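Next come the chains, spelled out residue by residue.
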Amino acid sequence: MYHLALPVDFSTQRKSAGERRIQQLSALLADRRNILVLMHNDPDPDAIAAGYALERLIRYLLPDAPVVLGHGGMIARAENRTMAQLIAPHALRIPTFEAAAVLPGYDAILLVDTQPNAGNHLLYEIDYPPEQVILAVDHHPPKRSQTRAVIHDVRPEVGAAATLMAEYVATAEMEIDETLATALFYGIKSDTRGLSRHTTDLDIWAYTALRNFVNTELLNQIEHVQLPRSYFRGISDALTSTMLYRCREDGRSTSPNESGEQGEANGSGTACTGFISVSLLFQMKRPDMASEVADLLLRMEDVSWAICLGIFEDRLVISVRADKPNAQAGRLVRSIVGKNGTAGGHDTMAGGRIHVPNASPAQRIAELHGLVPRFLRMLGAGESVGVPLLDKSGS
């Protein structure tokens, strides 16, 4: 077992604030009969790591606490599924259609890697008493809502929820083992791309400190899991559908202002240089396939934006990646989705969902196609003619 020490330059004020949060959390949960640590739907490594750490922290603070780790959606991406199986095999999957019946059975819910009005968790689907949402620990930009958790710890400047939970663990002086250290380390590594994007001194501290306690064999099992043939078929379909659109030569784009209207960008924000890659997946087997494709295609040379749009069950799935640190990808996706669904993200990565439950398959495909020119116009490439990525005549 190991101890995680807070950063040496951690101010007395920040340490005191952290200690107050821990004390308040313990007091609020002391008499609860059924506690749920709820990750966002389709949890990624950061959510799994942070959720597992929070569950462990509650058991440390309140050894007899009845606590459950749960989520909605599905964990389908091979690395994510393997991580969940090795780190938190006990995590409870709660189907969306059961949320209204199951969640009221918990008298305290703690949100991790999400927040009350985010729209990407099961509470969003039901009428749950807001005063029983005891904690929200998140690093995504705050939502414009009056709904807050009792302890509302949302820090969008931080790169990963796992970083925040590392701070909680260190503040509580809780011992950690290799499993927890590996989970938190991989959560941070995954969400910050190895500290290469959206990173603060706190992320660097957590990543560096945890690295000393990582179980390298466990980490290798997660990072280098074997992939099913269906994965490669999905990638093949994505590459076949991918079109490349050239950005305007001046790099300027159309950007939404604070009221949601569109106006000419001032050189910052959604800058577009080189090419935009756009991939369409009409029959996704899992919702996170879109993010895998976007991650992959952003690695292509001269591509500054990678957009993957797909259909999963009765909803359109949007995943966007950008290579510039101030690209405002989250703002871009929120402006596209509007009030038709849910969206969120950071400057360099974002996602969204648009539910179309009453649409026919043909209508969903038409709506997916309709999103493409809207993205292109917002990125200043509305007049660009796309060329297939796999066009053998191109370079």
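A short tour of the structure in this document, coming up. (Residues numbered from 1 in each chain as written. Predicted model: local features only at pLDDT ≥ 70, side-chain atom pairs only at ≥ 80, totals over all residues. Heavy atoms only, no water.)

### Some thoughts on the sheet that holds strand E17 (residues 387–388)
So, point 1. With respect to topology, seven strands assemble into an open sheet ordered E15-E16-E14-E13-E12-E9-E17, the strand pairing being mixed. Each edge of the sheet is formed by a strand with only one pairing partner; in this case those strands are strand E15 (341–345) and E17.
So, point 2. Bridging between strand E9 (residues 243–246) and E17 involves two bridges; their strand directions are antiparallel. Residue pairing for E17: Leu 244 is matched across the bridge by Val 387. (Pairing = 2+ DSSP bridges. Helix = DSSP H or I, 4+ residues; strand = E, 2+ residues; numbered from the N terminus.)

### Overview of the side chain of Arg 155
So, point 1. Relative to the helices and strands, Arg 155 resides in the loop between strand E7 (151–154) and helix H5 (161–171).
So, point 2. Given the relative accessible area of 14%, Arg 155 is considered buried.
So, point 3. Only 2.9 Å separates the side chain of Arg 155 from the side chain of Asp 153, close enough to count as a polar contact.
So, point 4. Those residues in contact with Arg 155 that sit more than four places away from it in its chain are Arg 21, Asp 138, His 139, Leu 164, Glu 167, Tyr 168 and Leu 202. (Buried < 20%, exposed > 50% of the residue type's maximum accessible area, 1.4 Å probe, protein only. Polar contact = N/O pair within 3.5 Å; in protein donor to acceptor, adjacent residues only side chain to side chain. Contact = heavy atoms within 4.5 Å.)

### Considering the pairing of E9
So, point 1. As judged from the four bridges shared by E9 and strand E12 (residues 275–281), these two strands associate in the antiparallel manner. Within E12, the position partnered with Tyr 245 by the bridge is Ile 276.

### So, the sheet that holds E7
So, point 1. Pairing is parallel across the open sheet formed by six strands, whose spatial order is E4-E3-E2-E5-E6-E7. Two strands bound the open sheet, and with one partner strand each, they are strand E4 (92–93) and E7.
So, point 2. As defined by bridge partners, strand E6 (residues 133–138) adjoins E7 across four bridges and the pair is classed as parallel. What sits directly across from Val 137, in E7, is Asp 153.
So, point 3. Against the sheet, helix H1 (residues 12–29) makes contact with strand E2 (35–39), strand E5 (108–112), E6 and E7, and its axis sits at roughly 140° relative to E7, the strand it touches most.
So, point 4. Here helix H2 (residues 45–61) sits on the sheet and contacts E2, strand E3 (67–71), E5 and E6; the angle it forms with E2, its principal contact strand, is near 165°. (Axes fitted to C-alpha atoms, helices over the stretch in contact; angles between N-to-C directions.)

### Some thoughts on the state of the cysteines
So, point 1. Summed over the entire model, instances satisfying the criterion amount to one disulfide.
So, point 2. Covalently, Cys 247 is tied to Cys 272 through a disulfide, its sulfur atoms 1.8 Å apart. Note on the Cys 247 and Cys 272 pair: the S-S dihedral is about -65°, so by sign convention the disulfide is left-handed. Pair noted here: Cys 247 is in the loop between E9 and strand E10 (254–256) and Cys 272 is in the loop between strand E11 (262–264) and E12, with a separation of 25 residues, a long-range link. (Disulfide = S-S within 2.5 Å.)

### Some details on the packing of H2 against H5
Axis angle and axis distance: for two packed helices, these are the angle between their axes and the distance between the axes, and together they describe the pair.
So, point 1. Running from amino to carboxyl end, H2 crosses H5 at an angle of 20°, the nearest separation of the two axes being 8 Å. If you check the angle between H2 and H5, you find them roughly parallel. Judged by the sense of rotation from one axis to the other, the crossing of H2 with H5 is left-handed. Of H5, the residues touching H2 (which contributes Asp 46, Ala 49, Ala 50, Ala 53, Leu 54 and Leu 57) are Ala 161, Ala 162, Met 165 and Tyr 168.
So, point 2. In terms of residue class, the contact of H2 with H5 is built from nine nonpolar, no polar and one charged. (Parallel < 35°, antiparallel > 145°, perpendicular 65-115°, else oblique. Left-handed = near helix turned anticlockwise from the far one by under 90°. Nonpolar A, V, L, I, M, F, W, Y, C, P; charged D, E, K, R; others polar.)

### As for the packing of helix H3 (residues 78–87) against helix H6 (residues 178–192)
So, point 1. Where H3 contacts H6, the two axes come as close as 11 Å, and the packing angle between them is 160°. Taken together, the axis directions place H3 and H6 in an arrangement best described as roughly antiparallel. Considering the relative orientation of H3 and H6, their crossing is left-handed. The residues of H6 that touch H3, namely those facing Glu 79, Met 83 and Ile 87, are Thr 179, Ala 183 and Tyr 186.
So, point 2. Looking at the contact of H3 with H6, its residues break down into four nonpolar, one polar and one charged.

### Notes on the nonpolar core
So, point 1. Counting residues in hydrophobic clusters, the biggest one holds 65 residues, and the most contacted among them are Leu 54 and Leu 210.
So, point 2. Broken down by element, this core gets its largest block of residues, nine residues, from H2.
So, point 3. Here Leu 210 is in contact with Leu 4, Ala 166, Ile 176, Ala 181, Leu 184, Phe 185 and Ile 188, once residues within four sequence places are set aside. (Core = buried A, V, L, I, M, F, W, Y, C linked by side-chain atoms within 4.5 Å.)

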